[in-house]
Amino acid sequence: MAQSKDGNKAMTVKPGRFFCFGMGYSAGFLARRLLAEGWTVAGTARTEDGVARLRAQGIDGYLFDGSASMENAAAVLGGVTHLLSSVPPDGVTADPVLQHHFDDIARMPLLQWAGYLSTTGVYGDRNGGWVDEDSAQEPTGPRGMRRATAEARWLDLWWEKDVPVHLFRLAGIYGPGRNALETVKAGKAKRINKPGQVFSRIHVDDIASTILASFDKPHAGRAYNVCDDDPAAPEQVIAYACDLLGVERPVLVPLDEAGLSPMALSFYRDNKRVSNKRMKKELGVRLQWPDYKAGLNALLTQD
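The rules behind these values
- Residues numbered from 1 in each chain as written.
- Predicted model: local features only at pLDDT ≥ 70, side-chain atom pairs only at ≥ 80, totals over all residues.
- Heavy atoms only, no water.
- Helix = DSSP H or I, 4+ residues; strand = E, 2+ residues; numbered from the N terminus.
- Rg over C-alpha atoms; globule rule 2.2 N^0.38 Å.
- Buried < 20%, exposed > 50% of the residue type's maximum accessible area, 1.4 Å probe, protein only.
- Contact = heavy atoms within 4.5 Å.
- Areas by Shrake-Rupley, 256 points an atom, 1.4 Å probe, with all protein chains shown as cover.
- Lys, Arg positive; Asp, Glu negative; His and termini not counted.
- Charge placed at Lys NZ, Arg CZ, Asp CG, Glu CD.
- Pairing = 2+ DSSP bridges.
- Axes fitted to C-alpha atoms, helices over the stretch in contact; angles between N-to-C directions.
- Phe/Tyr/Trp six-rings, centres within 6.5 Å; stacked < 30°, edge-to-face > 60°.
- Lys NZ or Arg CZ within 6 Å of the ring centre and 35° of its normal.
- Right-handed = clockwise from strand over helix to strand, strands pointing away.

Caption draft 1: Structural detail: the overall build of the protein. For the protein, the helix and strand inventory stands at eleven helices and 13 strands. The C-alpha radius of gyration computed for the protein amounts to 19 Å, which stays within 12% of the reference 19 Å derived for 303 residues, consistent with globular compactness. Overall, the protein is about 55 × 40 × 40 Å in size when its C-alpha atoms are taken along their principal axes. Here the protein holds 303 residues, and the buried ones make up 51% of them. In the protein, the share of contacts with a sequence separation of at least 24, taken over all contacts with a separation of at least 6, comes to 77%. For the protein, the accessible surface area stands at approximately 14,000 Å², while carbon and sulfur atoms represent 50% of it. For the protein, the distance from the average position of its 36 positive side-chain charges to the average position of its 36 negative side-chain charges is 2 Å.

Listed below in structure tokens is the structure:
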């Protein structure tokens, strides 16, 4: 079997019609790879301008902001073979997509594969310890709790309606335009001194590769952690980015003196290392960027 440039085996699935609720940053990378392979790609945006941008990229764009059902949903979804949702909880409901389209998805006649992009936040805080997909879900904040609820609702589609659902728990996402190098160049980098704190990360290219691998090796009802091999302290990542750019590292500051937003502070509530063994063993994923150093070096070269 041929291999792609990232070392993963090339897809053997026949090109079909892919649809994504919430065609954002991560799904956009996946969409471009599918378009290059001859797939028909469609997805939603929250605004009319967003829909126009999708269409300019060769993607069939539709409006869905989570407040109401997508128009003509049955017709739009009728020919879809592969469905992904990257729409997060909105603070009102755990999953706006299933709030409005649970039954539509259950009745999709040609659907072969469905996926939901979740987060490793469903595991909560483990004081730096390791978690895998069999670890209990113990989210520490409202966002993680809503994600856990959303996962359970997607699995209802599998257990109750035989929809082939797969869950992908993403670590901290970085890639072109969204990475520590950009933060340093923008003058917004901070090095937070919280001893023992680690985060897991994943390059957006490797997210796409993992989903494509699941197309080839579907395991309905299964969850996968999507992360690299090197959980690391956030201050180390900023320091490395500064070194690559040849700029002075910011001084270390205590967490309670860093002036972080409530959203940023919430990420420091959880401290864990996330295992990606199932992703590699069951799907055969070979990470193109196995740690943040490899990823940042490549991004610097791309820039």
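And the narrative resumes.
Caption draft 2: Molecular detail of the sheet that holds strand β7 (residues 165-170). Spatial ordering of the open sheet is given by β3-β2-β1-β4-β5-β7-β11, a layout of seven strands whose pairing is parallel. Pairing within the sheet leaves two strands with one partner each, and these edge strands are β3 (60-63) and β11 (223-226). Neighbour-to-neighbour, the strand axes of this sheet turn through a mean angle of 20°, independent of strand direction. Pairing of β7 with β11, which is carried by four bridges, proceeds in the parallel orientation. Bridge pairing in β11 places L170 opposite V226. Along the sheet face, helix α5 (residues 142-161) touches β4 (82-85), β5 (113-119) and β7 and points at about 170° away from the line of β5.

Caption draft 3: Region of the structure containing the packing of aromatic side chains. Tallying each qualifying case throughout the model produces 13 aromatic pairs. Within the aromatic cluster, the residues linked to one another by ring pairs are F18, W39, W113, F168, F215 and Y224. Here the guanidinium or amino end of R178 rests over the ring plane of Y25, the centre of that ring lying 4.2 Å away.

Caption draft 4: Quick peek at the pairing of strand β1 (residues 17-21). Of all the five residues making up β1, five are buried; the element is thus mostly covered by neighbouring parts of the structure. On β1, burial covers both faces: R17, F19 and F21 on one face and F18 and C20 on the other are all buried. In this sheet, strand β2 (residues 40-45) lies alongside β1 in parallel orientation, the contact comprising four bridges. Paired with C20 across the strands is G43, a residue of β2. For the crossover that starts at β1, traverses helix α1 (residues 25-36) and ends in the parallel β2, the hand is right-handed. Relative to β4, β1 is paired through four bridges, and the arrangement is parallel. Looking at β4, one finds that F21 is bridged to S85.

Caption draft 5: The arrangement of the environment of K188 in detail. In this structure, K188 sits in the loop between α6 (180-185) and β9 (191-193). Between the alpha carbons of K188 and H166 there is a distance of 36 Å; along the sequence they are 22 residues apart.

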